[in-house]
Structures are given as C-alpha cells and as structure tokens.
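Summary of the model geometry
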Amino acid sequence: MTVNRDITVNGGILVAHDGSDSADAALQTALHLAGAFGNKVAVVRAWSLASAPTPPTQEVGYVPPLDDFEAATLAALESDVAAVRAQYPDVTLTCSVVNGNAAEKLIEASEHADLLVVGSRGRGGFAGLLLGSTSDQVVHHAKCRVLVDRGGRRSSAD
C-alpha cells in the first residue's frame, strides 16, 4: 500500500469527515442532497500520525509503517459511515483517507468536486469559534461551492 497524499474526486459531493458529530451532520446533509449531484458522495478523512488511530500492529517498542496508520484510519472512517450508508442505497458512497493537512487537501480536491460539504466545527477544541479552522479555510479558498453544515435539524418533510 502506498500512503495517499491526494484525494481523487470526479464530480459529485466531497464530504470532510473527522469523526465528530459535526462531520456526521455534514455527511447526512451531503447524502440528503446527493440526488442533485449525480448520487455520488466521496467521504474523506485527512490524517497524521498525531490524529490516526493506533493500528493493531503497534506494539511496545515497535512503531508500524505509515501504511498501517492509514489502514487504521480508513477502517475508522468506514465504521463511522457504515450506519448512514445503509440509509441511502441509491447513492454511490466512497471513503478514502489522505495523509496531510485537511484544509489543504480538501481545497486541492475541490477543483474536481461539484460541492464540498464540511461541518462547522470538527474535533478541534475551540468551542467559541463559529467555524473551525478547516471549514474557515475551505470557505475562503475552495474551487467549488461549499456548504457548511451547522448541524441544525431538518424536518421530516425535507
């Protein structure tokens, strides 16, 4: 396995997912809107050694290769989206992970997406901010439309 440094998107909706409640809300919104964008949703999680889950191959005195951290991150993402995936059987939902800064990687990939959906706040600890640093960066620099989901409830009529 080669560590992914780029996000591959060919149209449709790109969703940033870091495992937070805000990311779950953004994913729900993207899936709700998917019909208007060709029923294609690409869910991506950026990772670093500091944010990746511990791979099962890690032992005391042994640091696994980056591929193992990437595989653990992808497994966590797949687990996070499994329940909602079943609710939208007509949507082609793909999951991928990328090593690097989330905002930078999303901005690069936005060139090939029709819409980028992010949560208003991710796992960062700055509760007073209206937007997290990633969502703030993509709002200002993305090359496609950006929807920032603030996590409000939709009525059942939506």
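Structure report, in brief. (Residues numbered from 1 in each chain as written. Predicted model: local features only at pLDDT ≥ 70, side-chain atom pairs only at ≥ 80, totals over all residues. Heavy atoms only, no water.)

Turning our attention to the overall build of the chain. Of the regular secondary structure elements, the chain holds four helices and five strands. For the chain, the sequential pattern of α-helices and β-strands runs β-α-β-α-β-α-β-α-β. Burial status across the chain gives 39% buried among its 158 residues. Counted over contacts in the chain with a minimum sequence separation of 6, partners at least 24 positions apart contribute 72%. With an accessible surface of roughly 8,700 Å², the chain has 51% of that area assigned to carbon and sulfur atoms. (Helix = DSSP H or I, 4+ residues; strand = E, 2+ residues; numbered from the N terminus. Buried < 20%, exposed > 50% of the residue type's maximum accessible area, 1.4 Å probe, protein only. Contact = heavy atoms within 4.5 Å. Areas by Shrake-Rupley, 256 points an atom, 1.4 Å probe, with all protein chains shown as cover.)

A separate point is unusual backbone geometry. Here Asn 39, not a glycine, exhibits a phi torsion of approximately 55°, which is positive. Residue position: Asn 39 is located in the loop between helix H1 (21-33) and strand E2 (40-47). Asn 39 gets classed as partly exposed once you look at its relative accessible area, which sits at 27%.

Function-wise, these values are silent; they only describe arrangement.
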